[in-house]
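Descriptive structure summary
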Amino acid sequence: MLQEDRFTRIQSLLSAAGRLSTEHLIQDMQVSRETVRQDLLALESMGLVRRVHGGVAGVTQQEPPFVQRQAMRVAEKRAIAKAAVKRLQPGQMVFIDAGTTTAILAEELSLLSHLVVVTNSITVALKLAPSQPNGGHGKGRRVILLGGDTNPEIPSTYGEVTLNEIRRYRADLAMVSPVGISAQDGVTFANEHEASLATAMVAQSTAFCVLADDSKIGVRGRYAVAATPENQTLVTNASAPNAAALAALRAQGVQVVEV
């Protein structure tokens, strides 16, 4: 595992647990004690973690800013997006939430036709909007941006207005990008509003597709999505340290697609 990937993994685990032991990190990432020590020293020097006796604790911020996350693990997110697009069929309606992975998904979706995309992500809507010249539906694709309050941290809408608009639709598929997914806690987010929107999208959809790179596998966010493993697909990049967590998800009935 590359150092950049280890940094991402440590921060993802901390965003869920708040505090981790050195032994936990050694086992999770399958690296030496010295490697973990050097990683924690580097992360602390950047102000991203706080070393404590026997391990490490998170700082106040639970998740890197949206702009920063846009530049992280781009290749992995691109591979996941390409695989996720293959699950769509012409004529379908799909919900897409706001996230850095779904923003990349939108770029791949721009190549498809005859879809109805319903999203709270301003980024997703803008990426797909150029295919609609003069207000028409380019390639037979329609994009609906949900109304609501605007989020100052992520270019998206949220709140009761957004939730009420979601309930107007019956989609074939909901595609979301959470902060974590595990057999024990299910699909989780760091933000309460994001979890509420994802829950509403899932409730109004026939099937549910989770887009999560390997840094999110086995991670627990603070807010859970109300959803069962039935009709749920996880699209992720394969990673040896995640084998046990992926096996546990499969045992629950989640279809896991590794890219």
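Summarised in this report is the structure supplied together with it.

Criteria and thresholds
- Residues numbered from 1 in each chain as written.
- Predicted model: local features only at pLDDT ≥ 70, side-chain atom pairs only at ≥ 80, totals over all residues.
- Heavy atoms only, no water.
- Helix = DSSP H or I, 4+ residues; strand = E, 2+ residues; numbered from the N terminus.
- Buried < 20%, exposed > 50% of the residue type's maximum accessible area, 1.4 Å probe, protein only.
- Contact = heavy atoms within 4.5 Å.
- Areas by Shrake-Rupley, 256 points an atom, 1.4 Å probe, with all protein chains shown as cover.
- Pairing = 2+ DSSP bridges.
- Right-handed = clockwise from strand over helix to strand, strands pointing away.
- Core = buried A, V, L, I, M, F, W, Y, C linked by side-chain atoms within 4.5 Å.
- Axes fitted to C-alpha atoms, helices over the stretch in contact; angles between N-to-C directions.
- Expected span 1.5 Å × (residues − 1).

1. Overview of the overall build of the chain
Of the regular secondary structure elements, the chain holds ten helices and 15 strands. Across the 259 residues that make up the chain, the buried fraction comes to 52%. In the chain, the share of contacts with a sequence separation of at least 24, taken over all contacts with a separation of at least 6, comes to 66%. Summed over its atoms, the accessible surface of the chain is roughly 11,700 Å², and 51% of this surface lies on carbon and sulfur atoms.

2. Re the pairing of strand β5 (residues 116-119)
Pairing analysis gives four bridges linking strand β4 (residues 93-96) to β5, with the strands arranged parallel. Among the inter-strand pairings, Met93 is bridged to a residue of β5, identified as Val116. Between the parallel elements β4 and β5, the chain passes through helix α6 (residues 100-109) in a crossover that is right-handed.

3. A few points about the nonpolar core
The biggest cluster of nonpolar side chains holds 30 residues, and the ones touching the most others in it are Phe95, Ile181, Val210 and Leu234. Elements with a contribution of two residues or more to this core: β4, α8 (160-166), β9 (171-176), β11 (186-189), α9 (192-203), β12 (205-211) and α10 (243-251). In terms of residue count, α9 provides more of this core than any other element does, six residues in total. Not counting residues up to four positions away in its chain, the partners in contact with Ile181 are Gly186, Val187, Val210, Ala212, Lys216, Ile217, Gly218, Val219, Gln232, Leu234 and Leu249. Ala84, Val94, Cys209 and Leu211 belong to the second-largest nonpolar core, a separate cluster that totals 24 residues.

4. Quick notes on the sheet that holds β12
Read from one edge to the other, the open sheet built from seven strands follows the order β6-β5-β4-β9-β12-β14-β15, with strand pairing classed as parallel. Whereas interior strands pair on both sides, the edge strands pair on one side only; in this sheet they are β6 (142-145) and β15 (255-258). Along the sheet, successive strands turn relative to each other by an average axial angle of 20°, direction set aside. As defined by bridge partners, strand β14 (residues 232-236) adjoins β15 across four bridges and the pair is classed as parallel. The residue bridging Leu234 from the neighbouring strand is Val256, located in β15. Along the sheet, helix α5 (residues 74-85) contacts β9, β12 and β14; its crossing angle with β14, the most-contacted strand, is approximately 145°. With respect to the sheet, α9 is in contact with β4, β9 and β12, its orientation differing from that of β12 by roughly 140°.

5. Things to note about the sheet that holds strand β2 (residues 49-52)
Read across the sheet, three strands follow the order β1-β3-β2 without closing on themselves; strand pairing throughout is antiparallel. Where the open sheet ends on each side, the last strands, each with one partner, are β1 (19-21) and β2. Adjacent strand axes in the sheet meet at a mean angle of 25°, parallel and antiparallel pairs treated alike. In this sheet, strand β3 (residues 55-58) lies alongside β1 in antiparallel orientation, the contact comprising three bridges. Looking across to β3, one finds that Arg19 is bridged to Ala57.

6. Some details on α5
An ideal rise of 1.5 Å per residue puts 16 Å on twelve residues; α5 measures up with 16 Å between its terminal C-alpha atoms. Inspection of α5 places Glu76, Lys77, Ile80, Ala81, Ala83, Ala84 and Val85 among the buried residues, and these make up the whole buried set.

7. Quick word on the pairing of β14
For β14, the buried fraction is high: five of the five residues fall into the buried class. Where burial is concerned, the two faces of β14 agree: the one with Gln232, Leu234 and Thr236 and the one with Thr233 and Val235 are both buried. By the bridge criterion, four bridges tie β12 to β14 in an arrangement that is parallel. In the strand pairing of β14, Val210 is matched with Leu234. Since β14 and β15 lie parallel, the crossover through α10 that links them has a hand, and here it is right-handed.

Remember, this is a structural readout, not a statement about activity or role.
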